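Residues per chain are reported as follows:
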Amino acid sequence: MALGHDPSDTGPSDNARSDNARSDKRPFDFDFIVIGSGFGGSVSAHRLVEKGYKVAVMEMGRRWTPDNLPRTSWSIHRWFWRPRLGLRGFFNMRLFRHATIFHGCAVGGGSITYACTLLPPPQKVWTSGSWSSLADWQSEMPRHYETASNMLGLTENKILGPADHLLQKAADASGVGHTFYCTKVGIFQSADGTPGQTFLDPFFGGEGPARSACIACGGCMMGCRHGAKNTLDLNYLYLAEKHGAKVFPETKVVDVRPLDGASDGSAGYEVSTVKSIAWMHRQPRRFTCRAVVFSASSLGTMELLFRLKEKGSLPAVSGELGKHVRTNSESLIGARTPGYSQDLSQGIAIGSGVYIDEHTHIEAVRYPLGSDAMGFLTTILTDGSPGPRRIALWLKNVMGSMLRHPFKTVRVLQPRGWAREFVILLCMQALEGEIEMRWQHPWFWPFHKFLVSRGEKVPTYIPKANEFAKKFAQLTGGFAMSMLPEILFDVPGTAHCIGGCVIADSPGHGVVDHRHRVFGYKNMYICDGSVVAANLGVNPSFTITALAERAMSFIAPKAETGWNDAPLAIVHAKVHADAG
Ligand SMILES: Cc1cc2nc3c(=O)[nH]c(=O)nc-3n(C[C@H](O)[C@H](O)[C@H](O)COP(=O)(O)OP(=O)(O)OC[C@H]3O[C@@H](n4cnc5c(N)ncnc54)[C@H](O)[C@@H]3O)c2cc1C
Ligand code: SF4
């Protein structure tokens, strides 16, 4: 159905001409306003500028450079994002009943804090979920992954640190050594150059910035201070700005309303913003535009759309908003070895991975030397099903360890030296499982509504993964470790929240059509992790980038646009009405 001719592709229709006549009376501040500058937002900005549009990017987070990035995670105010508490970093952590969700908040979105792993998902994701029959994904997506790969500078990791070698040994000991692989990453690792050596733009034929070769400091998730990580502000967003996109940092979008009483947005939109880091004087501003791209991440776009639907700004957004949220079924475990002979923080943040079974994938993750703050969250590994019994077992394990090795146990439970001695094992499962986000008053706070998670709990205890952590620890003579919140609250941590505004055939099943056009509105798109309609089982940024490339490929150049881009379900309704 969606593969055929789409009536909205043609030049301006009669309706469009009258929309245009109406909206041409007013000068617009921008053609497109993109909300959020992460993977979806930066791709959108770059491709729209290329097509001749005047583009603004509203970004809630700050702009980061090698000079203002934190050296270690102890610089909490430059790491965490919680502006009302004076924390103005690029890393956010949101607690829900079903998951603790980690995400980025910066010019460049999650790319500033992400670990640069760029993996394509297995083919089966295109044949499951609400998007499966809407496009010939398997033949269309490879070219968009290829473009994404060139733009993000994807390469196979050439730098294996001590943690990666240990992962390989643990995989051998578990009988899955053949599955060991070096990650594909978006890091500039020169094949022949010395680490740290600077090169004139190695990626975009002189259009891009100069870059330095990776020095394997393990600091990718604290923001690369060495110009080696291919963050979006050095590729997509850099090129977008260079060619005219205007980026507004520290600018939070709080409202999006259709203009001139055209409730479907055909006459354009008014976008309201406030200063995101201000407490009192929030400097409200209003901008007008013909079209909007929501790219505020899965959580950010859901939150904004719920707010706007509820306050009546965008009431026609589908009731499917917040459904089919997926977390990649993650669990964080690891191993800590006090006094280990090698510095386990050396290497890149995620240098390698293994598959311990068909569904379960483990990556070796590290933080840079001195970034020990996460050490407060790790504790002695504890098996068992969630709930009071697991907490009791954990207390027993800690006490037992204290009795057997009092000094070593105290050493592994305190944070100093954590990054040097710890290898995080990030376990992801490609199994189906989803939760729902609703816009509700939480039981403890009747004054405001918030996103609240609902549904089946995602398992925090993956027995095979715990067994693997034990094998890993045996190799180094260290301790296998769990994450404290997973044991105490049975809440898994995830950096891979996707879905909530999924691609579907109609507003009865999702929020956008297969070209990312929002059901119920014209010239409105969503390009971020929220549209992903299946559990990827791998880190999602590569797929978000490729999907955004595909979505933007459908948008006509400015000279040819009819400003009449409507989602397919609405077009069908109109065609049927016309036929009647
Ligand atoms: C520590 C960490 C490590 C990770 N490692 C990897 C990895 O190795 N590989 C991988 O594939 N993925 C990784 N991820 C996940 C990855 O960062 C996300 O999947 C990805 O960034 C999502 O892209 P996006 O386009 O959906 O949105 P994002 O990149 O999250 O960008 C959304 C942007 O919108 C902004 N925003 C939100 N609301 C508003 C608003 N109202 N107004 C204005 N701006 C707004 C936010 O500040 C943010 O900058 C990691 C994440 C974390 C936290
Ligand atoms: S390992 Fe260090 S130098 Fe290399 S990309 Fe990561 S932060 Fe940059």
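I will try to describe carefully the structure that is included in this document. Quick caveat, the model's predicted, so the values are computed rather than measured.

So, how was this worked out
Residues numbered from 1 in each chain as written. Chains lettered and ligands numbered in written order. Predicted model: local features only at pLDDT ≥ 70, side-chain atom pairs only at ≥ 80, totals over all residues. Heavy atoms only, no water. Phe/Tyr/Trp six-rings, centres within 6.5 Å; stacked < 30°, edge-to-face > 60°. Helix = DSSP H or I, 4+ residues; strand = E, 2+ residues; numbered from the N terminus. Buried < 20%, exposed > 50% of the residue type's maximum accessible area, 1.4 Å probe, protein only. Lys NZ or Arg CZ within 6 Å of the ring centre and 35° of its normal. Near = heavy atom within 4 Å. Areas by Shrake-Rupley, 256 points an atom, 1.4 Å probe, with all protein chains shown as cover. Nonpolar A, V, L, I, M, F, W, Y, C, P; charged D, E, K, R; others polar. Pairing = 2+ DSSP bridges. Contact = heavy atoms within 4.5 Å. Axes fitted to C-alpha atoms, helices over the stretch in contact; angles between N-to-C directions. Expected span 1.5 Å × (residues − 1). Patch = residues over 30% accessible without salt bridge, like charges linked within 9 Å, V, L, I, M, F, W, Y side chains within 5 Å. Salt bridge = Lys/Arg side-chain N within 4 Å of Asp/Glu carboxyl O. Core = buried A, V, L, I, M, F, W, Y, C linked by side-chain atoms within 4.5 Å.

All told, the structure shown has 27 aromatic pairs when counted by the stated rule. Ring plane angle 45 degrees and centroid distance 6.1 Å describe the contact between Tyr 367 and Trp 418, whose orientation is recorded as tilted. Of this pair, Tyr 367 sits in the loop between strand E19 (360-365) and strand E20 (378-380) while Trp 418 sits in helix H10 (residues 418-421); the two residues are 51 residues apart in sequence, bridging distant segments of the chain. Taken as a pair, Tyr 367 and Trp 418 share a single burial class, namely buried. One aromatic cluster is present, formed by Trp 79, Phe 80, Phe 91, Phe 102, Tyr 367, Trp 418 and Phe 422 through successive ring pairs. The ring of Phe 30 carries Lys 54 above its face, with NZ or CZ at 5.4 Å from the centroid. Over the ring of Trp 279 we find Arg 84, and its NZ or CZ is 5.2 Å from the ring centre.

Okay, the site of ligand 1 next. Surveying the vicinity of ligand 1 reveals 37 residues, the closest of which are Glu 59, Gly 110, Thr 117, Gly 529 and Ser 541. Protein contact buries 95% of the 1,000 Å² of open area that ligand 1 shows by itself. Broken down by secondary-structure element, the contributors of at least two residues to the shell around ligand 1 are helix H2 (39-50), strand E6 (100-104), strand E13 (251-258) and helix H13 (541-553). When the residues that make up the shell around ligand 1 are grouped by side-chain class, the tally is 17 nonpolar, 17 polar and 3 charged.

Near ligand 2, the surroundings consist of 14 residues, among which Cys 214, Cys 217, Gly 219, Cys 220 and Cys 224 are the closest. The class makeup of the residues in the shell around ligand 2 is 9 nonpolar, 4 polar and 1 charged.

An order of E8-E18-E19-E21-E17-E24-E20 is seen for the 7 strands of this open sheet, with the pairing classed as antiparallel. Each edge of the open sheet is held by one strand with a lone partner, namely strand E8 (181-182) and E20. Here strand E18 (residues 350-355) runs beside E19; their pairing, made up of 5 bridges, is antiparallel. The residue bridging Val 354 from the neighbouring strand is Ile 362, located in E19. Sheet contacts for helix H5 (residues 162-173): E18, E19 and strand E21 (422-429); angle to E18, the most-contacted strand, approximately 5 degrees. On the sheet, helix H11 (residues 463-476) packs against strand E17 (330-336), E18, E19, E21 and strand E24 (479-483) and is oriented at approximately 15 degrees with respect to E17.

All right, on to H2 then. Counted at 1.5 Å a residue, the expected span for H2 with its 12 residues is 16 Å, and the 17 Å between its end C-alpha atoms agrees. Summarising burial for H2: 11 of the 12 residues are buried, a large majority. Buried residues of H2: Phe 39, Gly 40, Gly 41, Ser 42, Val 43, Ser 44, Ala 45, His 46, Arg 47, Leu 48 and Val 49, and no others. Of the surrounding secondary structure, the elements contacted by the buried residues of H2 are strand E1 (30-35), strand E2 (55-58), helix H4 (137-152), helix H6 (236-242), strand E15 (285-294) and H13.

This next bit is on a nonpolar patch on the surface. Where nonpolar side chains cluster on the molecular surface, the patch consists of Trp 443, Phe 444, Trp 445, Phe 447 and Phe 450 and spans about 680 Å² of accessible area. Mapped onto the elements of the fold, Phe 447 is located in the loop between strand E22 (436-440) and strand E23 (450-454). Under the relative-accessibility criterion, Phe 447 is labelled exposed at 59%.

For the rest of this paragraph, the subject is the nonpolar core. Formed by 139 residues in total, the largest nonpolar core has its most connected members in Phe 32, Val 55, Val 256, Phe 294 and Leu 314. Sorting elements by how many residues they give to this core places H13 first, with 7 residues. For Leu 314, the contacting residues outside a window of four places in its chain are Val 256, Pro 258, Tyr 269, Phe 294, Leu 305, Leu 308, Lys 309, Tyr 521 and Met 524. Within the second largest apolar cluster, 26 residues are counted, among which are Phe 180, Val 354, Val 423 and Ala 480.

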